[in-house]
Amino acid sequence: MSTGPTIRPRRLRQSPAWRRLAQETRVDAAQLVLPMFVAEGAVEPRPIASMPGVVQHSLDSFRAELHRAAAAGVGGVMLFGVPEHKDAVGSGATDPDGILNAATRVAVAEVGDALVVQTDLCLDEFTDHGHCGVLDAAGRVDNDATLVRYREMAIAQAEAGSQLVGLSGMMDGQVAAVRAALDAAGAQQVPTLAYAAKYASAFYGPFREAVQSSLVGDRRSYQLDPANRREGLRELELDVEEGADIVMVKPAMSYLDVLADAAAASPVPVWAYQVSGEYAMIAAAAANGWIDRDRAVDESLVSIRRAGADAVLSYFAVEAAERWARA
């Protein structure tokens, strides 16, 4: 007679077939969104040193990568523009011929029926001071003056064909302001993605290289303190009240508790952004042979989904989707 345990959870782990059948959380390619950088004036892709494998695209390489993403079956792309010229109010963000709006028209024409073409609605790539809004006379980010620019950006992006505007600036009242502007302009069909719980994180470092950020100082007066969990949920609730169609937690991997809170409380879909620093850490460790890249990528994406994300923005999106299709 056996003297061992009666309850043996290992029974459901004993073979690959059992592990597949018992798996609680899955990640599908359609739940992934690929962030993409498009550089004004680029004639070929420009490597980003801190993000090996990620580039600033020329319009030609951008087209090719859009079709690769569509073929891989990912859910969408999030577009960021890298302009040649910047100024205090980020004029390039609302220029119909500015790089982000031009890239949006290209993306919609190329793959608009296959992918959700999403655009970053923030001024940081376009301002010479690198902040996400316009500054007042004292050099502080002027919340309400910035909302005026966000309204103008929203209309410009909608006119360019954006299928989802991503409000990443963390200004108070930004969702209500943009929703009102879109509706008044006849763009009621364009949804808003609110970066509701966006933290002032060290993990954004490589992104700032990717967009050639001009930031002086920091963004702690408008992005959330990494120590604050409840505040993240409060921001999310406010954005939902203002009409956000989707809410975002950013970064993802260091804020899984906030993500779980959001998923439990939100009546709208919750997304998470696996940011540049999270990508760079995995890529660098794998390149040094310290971790298995494929397993680390999959584990990181599963962890974000397990915490409650309905979709994940990740620079690994196409790489992972293609590998899963080959498996």
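Structure: see above.
Keep in mind that what you see is a predicted model, and the values were worked out from it rather than measured.

(A) Representation of a positive patch on the surface within the structure. Together, Arg8, Arg10, Arg11 and Arg13 make up a positively charged patch on the protein surface. Inspection of the secondary structure puts arginine 8 in the segment before α1 (16–22). Classification of arginine 8 by relative accessible area gives partly exposed; the value is 39%.

(B) Structural detail: the pattern of salt bridges. Taken as a whole, this structure holds 15 salt bridges when the rule is applied. With its nearest N and O atoms 3.4 Å apart, the salt bridge here joins arginine 68 to glutamate 65. You can see arginine 68 and its partner glutamate 65 sitting in helix α2 (residues 59–72), three residues apart, about one turn around the helix. The class of glutamate 65 is buried, set by a relative accessible area of 18%. Its salt-bridge partner being aspartate 294, residue arginine 323 comes within 3.3 Å of it at the nearest N-O pair.

(C) View of the nonpolar core. Grouped together as the largest cluster of nonpolar side chains are 101 residues, with contacts concentrated most on Phe37, Phe62, Tyr150 and Trp271. Top element by residues in this core is strand β1 (residues 32–39). It accounts for seven residues. With sequence-adjacent residues up to four places away left out, phenylalanine 37 is seen in contact with Ile48, Val54, Val55, Gln56, His57, Phe80, Val82, Phe207, Ala210, Val211 and Tyr315.

(D) Summary view of the side chain of aspartate 120. By the element assignment, aspartate 120 lies in strand β5 (residues 116–121). Within the buried set, aspartate 120 has no salt-bridge partner at all; the shortest N-O distance to an opposite charge, 6.1 Å, is to lysine 198. Within the local environment of aspartate 120, its side chain forms a polar contact with the side chain of serine 168, the two groups lying 2.7 Å apart. Non-local contacts of aspartate 120, meaning those with residues more than four positions away in its chain, are made with Met78, Leu79, Phe80, Leu100, Glu125, Met153, Gln157, Gly166, Ser168 and Tyr195.

(E) Geometry of the packing of helix α4 (residues 143–160) against helix α5 (residues 174–184). At a closest axis distance of 9 Å, the pairing of α4 and α5 adopts a crossing angle of 45°. In terms of their interaxial angle, α4 and α5 are classed as oblique. Handedness of the crossing formed by α4 with α5: right-handed. In this structure, α4 contributes Leu147, Tyr150, Arg151, Ala154, Ile155 and Ala158 to the contact, and α5 contributes Gln174, Ala177, Val178, Ala181 and Leu182. Counted by class, the contact of α4 with α5 contains nine nonpolar, one polar and one charged residues.

Cut-offs and rules
- Residues numbered from 1 in each chain as written.
- Predicted model: local features only at pLDDT ≥ 70, side-chain atom pairs only at ≥ 80, totals over all residues.
- Heavy atoms only, no water.
- Patch = residues over 30% accessible without salt bridge, like charges linked within 9 Å, V, L, I, M, F, W, Y side chains within 5 Å.
- Areas by Shrake-Rupley, 256 points an atom, 1.4 Å probe, with all protein chains shown as cover.
- Salt bridge = Lys/Arg side-chain N within 4 Å of Asp/Glu carboxyl O.
- Lys, Arg positive; Asp, Glu negative; His and termini not counted.
- Charge placed at Lys NZ, Arg CZ, Asp CG, Glu CD.
- Helix = DSSP H or I, 4+ residues; strand = E, 2+ residues; numbered from the N terminus.
- Buried < 20%, exposed > 50% of the residue type's maximum accessible area, 1.4 Å probe, protein only.
- Core = buried A, V, L, I, M, F, W, Y, C linked by side-chain atoms within 4.5 Å.
- Contact = heavy atoms within 4.5 Å.
- Polar contact = N/O pair within 3.5 Å; in protein donor to acceptor, adjacent residues only side chain to side chain.
- Axes fitted to C-alpha atoms, helices over the stretch in contact; angles between N-to-C directions.
- Parallel < 35°, antiparallel > 145°, perpendicular 65-115°, else oblique.
- Left-handed = near helix turned anticlockwise from the far one by under 90°.
- Nonpolar A, V, L, I, M, F, W, Y, C, P; charged D, E, K, R; others polar.

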